[in-house]
Amino acid sequence: MNTREKKYKLIDLFAGAGGLSNGFQQTGKFEIVGAVEINKEAIETYIYNHQKNGDKIIIKPPDCEESDISNIDFKEFMIKEGLNPLETVIIGGPPCQGFSNANRQKNYLISGNNLLVREYARAIDQVRPVAFLMENVKTMNSPTHKFFVTEHVDDSIYAYSSEEHLQKINDCKDPFWKNDELILLETDKVEYKDLITRIINMQNVTPLITSEIELSRIRSVVRKLKKTKPYNPTLVKKKKELLEINQIIDSLLRYDFGELNTEEKFAEIVNLAIGTFKKIASGSITNNEHTLNNLQGFVEINQLLRYLKEIKDEKIIKKGKPKVLGDRNLKVVVVVKSYNIVVYLEKLFKHLGYKMALGTVHSNHYFVPQKRQRFMILGIKSNATKSDKIAFPERYTKKDFTVRDAIGDLEKIDPTRDVKENKLFYNIEFNKTVMQKYYRSEIDVNTVYNHINTESKPLSKQRFKEIKKNKGKNFHNLSPELQEVSYTDVSRTQNTIYLRLDYDAPSPTVVNVRKSMWQHPTKAVALSIREAARLQSFKDNFIFKGSKDKQYQQIGNAVPPLMARAMAEQILYYLGEEPNQYLKGEFR
């Protein structure tokens, strides 16, 4: 007689360090059979915390060392592993850069990150699991976040954005994809009209600058040139800035003009940019406004070239050629067809036979000591549940857990600075909160891992001390002297920079707390890796790997395990199963 307990097979996409899968595992009803993750440090953490499976737990395409979802055939994986779709659940959170408020652009062109949402949809289509959970930033559901109708290419991701595919999944008479106008360029440089007309009629375009590092540096240079103080990076000994500016110069010098080889105006723009960047690198700028004007044409023409190339590379269908409009001010526009990404996902999953709940979910509703909001879609195969409607679990607790509930016991244990010293003595025997008992429930009572923070620089220490002394909340509570010494535009500094946590409230959304310089509630020191992990609701037996910054980043990117566990319990409910122990019971 087989007495082995039934467990659903779990495939974890965009797995990161493993917060989602950890929450599902805590129910005792899910067994991880494969994970997709491309970041090597996150993979190291994931494998370490799933040692029974070893590195085979990471799904890779044949003859490839990288777990790249775009090259994985999930039908083949299911057959190879002998998995039954009716016993398989898929979870995952496609990278959200394209949907976050921090990344809003005037034009909502597709980015490589947004394509990964369609890769998630492709995995659901190929596997047809009994249930799935998808999570993303709460702004994913904004009407401004769009996908664009593309050419149809069989056996590719573009098969999931073609008009043929959209017509197939549409359950309404009227199409949900509409004509849309993309603005590719707006400029007052009317003298560029002939050049722009030539560019938009070219068959192949090559941007002047394509490197993300160099593009980021160009944006930074433009911001600094908008200030009144002359911008000369050599005067403040910023070696990284100078290195990247010289990389930009080198890229421009090596640029292949191709079809634009005879365009004098284009050559003039490039040569002026080279000369201007050389002058910036030499530290001889005296007039920011004049310098910025010299770079305007280069920045704008490069933007136009980048957008035109992106439209072509992403196979976006244009309704006619781009047009140049206006006389005193020029605008380049192109008509395409677009559709809202969440509307698309809902229609696709419904077409595939799923009942769904979708919307914003609050982590603090499920015992997480943090106010984090995520957009989620929870899907159950229609023929696998007796329920007519699917919903997210109701709030588990009326009272929020606080930062004190989460990390108060660690205040008495000084963090180490060395990532190699990853094992400290834990001697807190009494007066632990319910939350702290949860963290310590599966670990050696005398050990705490990853209780490591950074050796802050003197300026950071001074800022920590002033914020603590004045009972301040963040960077904006510092004196002007301590603000302006390293921040050229104080008004642009977010409230999460140098945030001092409040012991008696839940944490705000956890980010990379090292990069944002988060501070302990009562001590003038940076928050430790373990403290950040606890705010995300990781138990103390979950060990993070990699450098300090990589560990902080993994935690900031993670889905809180307790939030995931609540969703896992809800999936089990709709499938007629129960967890080994209910989350409510553990925190009663």
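Rules used in this analysis
Residues numbered from 1 in each chain as written. Predicted model: local features only at pLDDT ≥ 70, side-chain atom pairs only at ≥ 80, totals over all residues. Heavy atoms only, no water. Axes fitted to C-alpha atoms, helices over the stretch in contact; angles between N-to-C directions. Helix = DSSP H or I, 4+ residues; strand = E, 2+ residues; numbered from the N terminus. Parallel < 35°, antiparallel > 145°, perpendicular 65-115°, else oblique. Left-handed = near helix turned anticlockwise from the far one by under 90°. Contact = heavy atoms within 4.5 Å. Nonpolar A, V, L, I, M, F, W, Y, C, P; charged D, E, K, R; others polar. Buried < 20%, exposed > 50% of the residue type's maximum accessible area, 1.4 Å probe, protein only. Pairing = 2+ DSSP bridges. pLDDT = per-residue confidence, 0-100. Core = buried A, V, L, I, M, F, W, Y, C linked by side-chain atoms within 4.5 Å. Phe/Tyr/Trp six-rings, centres within 6.5 Å; stacked < 30°, edge-to-face > 60°. Lys NZ or Arg CZ within 6 Å of the ring centre and 35° of its normal. Salt bridge = Lys/Arg side-chain N within 4 Å of Asp/Glu carboxyl O. Right-handed = clockwise from strand over helix to strand, strands pointing away. Polar contact = N/O pair within 3.5 Å; in protein donor to acceptor, adjacent residues only side chain to side chain. Expected span 1.5 Å × (residues − 1).

1. Regarding the packing of helix α7 (residues 212-225) against helix α8 (residues 239-253)
Phase 1 of the analysis: The contact between α7 and α8 brings their axes to 10 Å, and the two run at 115°. When the interaxial angle is binned, α7 and α8 end up roughly perpendicular. Judged by the twist between their axes, the crossing of α7 over α8 is left-handed. On α8, the residues that touch Ile-213, Glu-214, Arg-217, Ile-218, Val-221 and Lys-224 of α7 are Lys-240, Glu-241, Glu-244, Ile-245, Gln-247, Ile-248 and Ser-251.
Phase 2 of the analysis: Along the lines of polarity and charge, the residues of the contact of α7 with α8 split into five nonpolar, two polar and six charged.

2. With respect to the pairing of strand β3 (residues 88-92)
Phase 1 of the analysis: Most of β3 sits inside the fold, with five of its five residues counted as buried.
Phase 2 of the analysis: Strand direction decides the pairing type here: strand β1 (residues 8-13) and β3, joined by five bridges, are parallel. Across the sheet, the residue bridging to Leu-13 is Gly-92, located in β3.
Phase 3 of the analysis: Bridge count between β3 and strand β4 (residues 131-137): four bridges; the pairing is parallel. Note that in β4 the partner of Ile-91 across the bridge is Leu-133.

3. Notes on the confidence of the model for the protein
Phase 1 of the analysis: In the predicted model, the protein carries a mean pLDDT of 90, and 94% of its residues have values of at least 70.
Phase 2 of the analysis: Overall, residues 99-110 carries pLDDT values under 50, and its contacts beyond four positions in sequence, including any with other chains, amount to 29 contacts.

4. Examining the nonpolar core
Phase 1 of the analysis: One finds Phe-24, Val-89 and Met-567 to be the most contacted residues of the largest nonpolar core, which totals 67 residues.
Phase 2 of the analysis: Setting aside anything within four residues of it in sequence, one finds Val-89 in contact with Tyr-8, Lys-9, Leu-10, Ile-11, Phe-24, Phe-30, Pro-129, Val-130, Ala-131 and Phe-132.

5. Regarding the packing of α8 against helix α9 (residues 264-282)
Phase 1 of the analysis: Here α8 crosses α9 at 160°, and the two axes come no closer than 10 Å. Taken together, α8 and α9 sit at an angle that is classed as roughly antiparallel. Both α8 and α9 take part in a crossing whose hand is left-handed. Counting all contacts with α8, which are made through Leu-242, Ile-245, Asn-246, Ile-248, Ile-249, Leu-252 and Leu-253, the residues of α9 involved are Val-270, Ala-273, Ile-274, Phe-277, Lys-278, Ile-280 and Ala-281.

6. Focus on the sheet that holds strand β9 (residues 354-362)
Phase 1 of the analysis: Taken in spatial order, the six strands make up an open sheet running β2-β1-β3-β4-β10-β9, and their pairing is mixed. Looking at strand neighbours, the two that pair on one side only are β2 (30-36) and β9, the edges of this open sheet. The mean inter-strand angle of the sheet, taken between neighbouring strand axes irrespective of direction, is 15°.
Phase 2 of the analysis: Taken together, the six bridges between β1 and β2 define a ladder with parallel strand orientation. The residue bridging Leu-13 from the neighbouring strand is Val-36, located in β2.
Phase 3 of the analysis: Those strands touched by helix α11 (residues 341-351) are β4, β9 and β10 (373-381), and its axis lies near 145° from that of β9.

7. So, the environment of Tyr-366
Phase 1 of the analysis: In this fold, Tyr-366 is placed in the loop between β9 and β10.
Phase 2 of the analysis: The exposure class assigned to Tyr-366 is buried, which follows from its relative accessible area of 3%.
Phase 3 of the analysis: Put simply, Tyr-366 and Asp-188 are 178 residues apart on the chain and 53 Å apart in space, counted from C-alpha to C-alpha.
Phase 4 of the analysis: Residues within four places of Tyr-366 in sequence aside, it is in contact with Val-361, Pro-393, Glu-394, Tyr-396, Leu-562, Met-563, Ala-566, Met-567 and Leu-583.

8. Some details on the packing of aromatic side chains
Phase 1 of the analysis: Overall, the coordinates contain 24 aromatic pairs when judged by the stated rule.
Phase 2 of the analysis: Between the aromatic rings of Phe-147 and Tyr-339, the centroid separation amounts to 6.3 Å while the plane-to-plane angle is 85°, which identifies the pairing as edge-to-face. Here Phe-147 is found in strand β5 (residues 146-148), whereas its partner Tyr-339 is found in strand β8 (residues 330-340), with 192 residues between them in sequence. Across this residue pair, the class does not change: Phe-147 and Tyr-339 are buried.
Phase 3 of the analysis: Aromatic ring contacts, followed pair by pair, group Tyr-366, Phe-367, Tyr-396, Phe-401, Tyr-438, Tyr-439 and Phe-587 into a single cluster.
Phase 4 of the analysis: The ring of Phe-147 carries Arg-118 above its face, with NZ or CZ at 4.9 Å from the centroid.
Phase 5 of the analysis: In this structure, Arg-440 packs its charged tip against the face of Tyr-426, placed 3.8 Å from the ring centre.

9. As for unusual backbone geometry
Phase 1 of the analysis: If you check the backbone angles, Asp-63 has positive phi at about 60° while not being a glycine.
Phase 2 of the analysis: Within the element layout of this structure, Asp-63 appears in the loop between α2 (40-48) and α3 (74-81).
Phase 3 of the analysis: Taking relative accessible area as the criterion, Asp-63 reaches 86% and is therefore assigned exposed.
Phase 4 of the analysis: Phi at Met-517 is positive, roughly 60°, even though this residue is not glycine.
Phase 5 of the analysis: Structurally, Met-517 is set in the loop between α15 (480-484) and α16 (529-535).
Phase 6 of the analysis: Judged by its relative accessible area of 16%, Met-517 falls in the buried class.

10. Side note on the pattern of salt bridges
Phase 1 of the analysis: Counted under the stated rule, the structure contains 26 salt bridges.
Phase 2 of the analysis: Among the ionic pairs, Glu-65 bridges to Lys-60, the shortest N-O distance being 3.7 Å.
Phase 3 of the analysis: Linking Arg-254 and Asp-250 is a salt bridge whose minimum nitrogen-to-oxygen distance equals 2.9 Å.
Phase 4 of the analysis: Residue classification places Arg-254 among the exposed positions, given a relative accessible area of 58%.
Phase 5 of the analysis: Residues joined by salt bridges that share partners form a network here, namely Asp-409, Arg-440, Arg-534 and Asp-540.

11. Structural notes on the side chain of Ser-537
Phase 1 of the analysis: Residue position: Ser-537 is located in the loop between α16 and α17 (548-557).
Phase 2 of the analysis: Ignoring anything within four residues of it in the chain, the contact list for Ser-537 reads Val-368, Tyr-438, Tyr-439, Pro-560, Pro-561 and Leu-562.

12. Some thoughts on the side chain of Asn-288
Phase 1 of the analysis: Within the element layout of this structure, Asn-288 appears in helix α10 (residues 288-313).
Phase 2 of the analysis: In contact with Asn-288, other than residues within four places in its own chain, are Lys-224, Leu-225, Lys-227, Thr-228, Lys-229, Pro-230 and Tyr-231.

13. Examining the pairing of β2
Phase 1 of the analysis: Among the seven residues in β2, six count as buried, and that is most of the element.
Phase 2 of the analysis: Handedness of the β-α-β unit built from β1, helix α1 (residues 19-25) and β2 comes out right-handed.

14. Quick word on α2
Phase 1 of the analysis: Looking at α2, one finds that the buried residues are Glu-41, Ala-42, Ile-43, Thr-45 and Tyr-46.
Phase 2 of the analysis: Where α2 is buried, its residues touch β1, α1, β2 and α17.
Phase 3 of the analysis: The N-capping residue of α2, defined by a side-chain oxygen 3.1 Å from the backbone nitrogen of Glu-41, is Asn-39.

15. As for helix α18 (residues 561-574)
Phase 1 of the analysis: The end-to-end C-alpha separation of α18 is 20 Å, in line with the 20 Å expected for 14 residues at 1.5 Å each.
Phase 2 of the analysis: In terms of burial, α18 is largely enclosed, as 13 of its 14 residues are buried.
Phase 3 of the analysis: Once α18 finishes, Gly-576 follows within two positions and takes phi at roughly 80°, a positive value.

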